[in-house]
Amino acid sequence: MSLVKLTGIHKSYGDNEVLKGIDLKVNEGQVVALIGRSGSGKSTLLRTINGLERINQGSIEVDGACVDPGQSDLRALRLKVGMVFQQFNLFPHLTAGQNVMLAPVVVKKQSKADVRTIAEEALAKVGLADKFDAYPDQLSGGQQQRVAIARSLAMKPRVMLCDEITSALDPELVNEVLAVVRKLAEEGMTLLLVTHEMRFAREVCDTLVFMHKGRIAEQGAPEEVFTKPATPELAQFIGMVTER
Amino acid sequence: MPEFTTWDILYNLILAARWTVVLSILAFICGGIAGLLVLLGRVSPLPWLRRTMNLYIELFQGTPLLMQIFIVFFAFPLMGVETTAWTAAVVALTLFTSAYLAEIWRGCVESVPKGQWEASESLAMSFTEQMRYVILPQALRVAVPPTVGFSVQVIKGTAVTSIIGFVELTKAGTMITNATFQPFLVYGLVGLLYFALCYPLSVYAKRLERTLHVAR
Ligand SMILES: Nc1ncnc2c1ncn2[C@@H]1O[C@H](COP(=O)(O)OP(=O)(O)OP(=O)(O)O)[C@@H](O)[C@H]1O
Ligand SMILES: [Mg+2]
């Protein structure tokens, strides 16, 4: 059974139909990269999966928690889905440790002592065990993004969504974040990432999903997709990317 | 006709000014609490609640405070609720203050970047949890200077309650003028006393604002 199952997702902003019927299944432990041109709907798709965007039609199922357009209680879904953003979005008034501890304490009502251990483990996993008491503005972009990953991890999500999480970083900081993602993938975390890092997608992901104009135009194993694109759009996209 | 020295006048005005201070503090505290509730409604995810609170704010910002005091003072008894000048003054100023503070604070809440809402939302926090732990602590920082600044408006607003017979600084000034026939002296002193109350607050508000900008 798939962990994430999207069926017939439609999403419009006014007259602009951004997602035109998306079907996608992600299995436990699978690492999926979403690629495609700017405006093809990658972010929108990702954001529908944890209910940041409401869908007009279709259904989203994550490990038994289900949403459809009429449903308003998204808590069950969000407990299973973690998200990391391009802009990190750390809480600036809290230290790294407090950032990581907040949701488990407030949302899951776990005891502070337990959560402290979880938070220390999560920060250690992203290589920032020594930054527990640092405020976000005392950290580099790469460190902030890793705290954001730890914050998401501490909620023990079943799947993590990452939307271009290295795009706001200086080039020299990209690798430390990608290394963390790679480690998560190796440990069996289910990941759905929007990325422009084609080499990374090729190495780490087991499935590539190419989106074009609100539809999934192609999907498959990275080597397959990269070497034998079936559609001219993908061929062009790959050409475009490798040229850069 | 007894003789009033300037000192007598000032002494009596200061006694009355205590009521201006008490009324201001009460209105500010009650208005602050009510304002927080209005704010929560104003930025809540429920459209009908947002609209209702917006109407509330518009209503109190779009009518003179004097009208609001009249309505509380004269309309409540018609509905069978007994009011004294004191309760009418507190209630009217509380409503007035809550509407303005809610609107000031809404601006502060909206200055918190959208990403903060999204990050906390995707951590499965409810609206109240987001407000309590993520949004308000950040909004509070920018809210302090305009809030202190607005307290000056509340103090000046209390003058209007003299119209329904509540004896605070302005009303006392009128009464003393009627007895002494020295309007320039009396109202001059009244003005000075208001200034003595308001000026430190507005200086303080400005200083807070400056330190906030430096901290950024
Ligand atoms: N909040 C919004 N309101 C209106 N239109 C939006 C909104 N968010 C996205 N869109 C539109 O939806 C379309 C898809 O946007 P989306 O952000 O999903 O693309 P993307 O594939 O993530 O692109 P990029 O690579 O630039 O991030 C675009 O045409 C965009 O203008
Ligand atoms: Mg995007």
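Placed above this text is the structure.
The structure presented is a predicted model; accordingly, all values stated were derived computationally and were not measured. For every chain, the first residue of the written sequence is number 1, and numbering continues from 1 onward in sequence order. Labels follow written order: the first chain is A, the first ligand is 1, and so on. The predicted nature of this model means local features are confined to residues of pLDDT at least 70 and side-chain atom pairs, given and counted, to a pLDDT of 80 or more, with totals for whole chains, interfaces and linings taken over all residues. For side-chain calculations, the full set of non-hydrogen atoms in the structure is used, while hydrogens and water are omitted.

## Describing empty space enclosed by the protein
By rolling a water-sized probe across the atoms, one finds the places where empty space is left.
Then step 1. For cavity detection a 1 Å grid was placed over the protein atoms alone, and a set of points counts as a cavity when a 1.4 Å probe fits there but cannot get out; an open set counts as a pocket when protein lies on both sides within 12 Å along at least five of seven lines, with lining residues being those that have an atom within 4 Å of a point. Grid points are joined across faces, edges and corners, and a volume is the space filled by probe spheres set on the points. Within this structure, the stated rule accounts for two cavities of 30 Å³ or more.
Then step 2. Within this model, the largest cavity holds a volume of roughly 60 Å³.
Then step 3. Forming the walls of the largest cavity are Thr48, Gly51, Glu53, Arg54, Ile55, Ile60, Val67, Asp68 and Leu74 of chain A.
Then step 4. Basically, the charged four are Asp, Glu, Lys and Arg, the nonpolar ten are Ala, Val, Leu, Ile, Met, Phe, Trp, Tyr, Cys and Pro, and anything else, Gly included, counts as polar. In terms of residue class, the lining of the largest cavity is built from four nonpolar, two polar and three charged.
Then step 5. Considering only enclosed or pocket space, the second largest cavity measures out at about 40 Å³ in volume.
Then step 6. Lining of the second largest cavity is provided by Arg78, Leu79, Val81, Gly82, Ser152, Met155 and Pro157 of chain A together with Ser122 and Leu123 of chain B.

## Examining the sheet that holds strand E1 (residues 4–13) of chain A
All names here are of chain A.
Then step 1. Note: two strands are recorded as paired if DSSP finds a minimum of 2 bridges between them. We count a stretch as a helix when DSSP gives it H or I for four or more residues in a row; a strand needs E for two or more, and each element gets its number in order from the N terminus. Spatial ordering of the open sheet is given by E2-E1-E4-E5, a layout of four strands whose pairing is antiparallel. Single-partner strands in this sheet number two, and they are strand E2 (16–26) and strand E5 (65–67). Here the average twist between neighbouring strands, direction ignored, is 20 degrees.
Then step 2. As paired strands, E1 and E2 are joined by eight bridges and run antiparallel to one another. Bridged to Tyr13 within E2 is Asn16. The angle between two axes is taken between their N-to-C directions and runs from 0 to 180 degrees, where each axis is a line fitted to C-alpha atoms and a helix contributes only its stretch in contact.

## Let's talk about the sheet that holds strand E8 (residues 190–194) of chain A
All names here are of chain A.
Then step 1. Taken together, six strands build an open sheet; the order of strands is E6-E7-E8-E3-E9-E10 and the sheet is mixed. Lying at the two open borders of the sheet, with one neighbouring strand each, are strand E6 (81–84) and strand E10 (215–220). Recorded for the sheet is a direction-independent mean angle of 20 degrees between the axes of neighbouring strands.
Then step 2. Taken strand by strand, helix H5 (residues 141–153) contacts E6 and strand E7 (159–163), and its axis lies near 170 degrees from that of E6. The criterion used for residue contact is that any of the two residues' heavy atoms lie within 4.5 Å.

## Section: the packing of helix H2 (residues 47–61) of chain B against helix H4 (residues 85–110) of chain B
Residue and element names in this part refer to chain B.
Then step 1. Between H2 and H4, the shortest axis-to-axis distance is 9 Å and the interhelical angle comes to 120 degrees. Crossing of H2 against H4: the hand is left-handed. Together, Tyr56, Ile57, Phe60 and Gln61 of H2 and Leu95, Phe96, Ser98, Ala99, Tyr100, Ala102 and Glu103 of H4 make up the contact between the two elements. Two helices cross in a left-handed way if the nearer one is turned anticlockwise from the farther one by less than a right angle. They cross in a right-handed way if the turn is clockwise.

## Overview of the site of ligand 1
Residue and element names in this part refer to chain A.
Then step 1. Nearness is judged by heavy atoms alone; a residue qualifies as near a molecule or strand once a single heavy atom is within 4 Å of it. Taken together, the neighbourhood of ligand 1 is formed by 13 residues, with Ser38, Gly39, Lys42, Ser43 and Thr44 sitting nearest.
Then step 2. Identification of polar contacts relies on pairs of N or O atoms within 3.5 Å, with a donor-acceptor requirement for protein atoms, meaning one able to donate a hydrogen and the other able to accept it, and with residues adjacent in sequence counted only if both atoms are side-chain atoms. Here Tyr13 contributes a side-chain N or O atom positioned 3.4 Å from a nitrogen atom of ligand 1.
Then step 3. A distance of 3.0 Å separates an oxygen atom of ligand 1 from a polar atom in the backbone of Gly41.
Then step 4. Here the open area of atoms and residues is found with the Shrake-Rupley method and a 1.4 Å probe, where only the protein chains shown may cover a residue. Protein contact buries 59% of the 640 Å² of open area that ligand 1 shows by itself.

## Focus on the pairing of E8 of chain A
All names here are of chain A.
Then step 1. Each residue is placed in one exposure class: buried if its accessible area under a 1.4 Å probe, protein chains only, is under 20% of its type's maximum, exposed if it is over 50%, and partly exposed if it falls in between. With five of its five residues buried, E8 lies for the most part within the structure.
Then step 2. Alternating residues of E8 divide into Thr190, Leu192 and Val194 and Leu191 and Leu193, and every residue in both groups is buried.
Then step 3. Bridge count between E7 and E8: five bridges; the pairing is parallel. By the bridge assignment, Met160 is partnered in E8 with Leu191.
Then step 4. Taken together, E7, helix H6 (residues 171–186) and E8 form a β-α-β motif whose crossover is right-handed. The crossover handedness rule: strands pointing away from the viewer, path from first strand over the helix to second strand clockwise, crossover right-handed.

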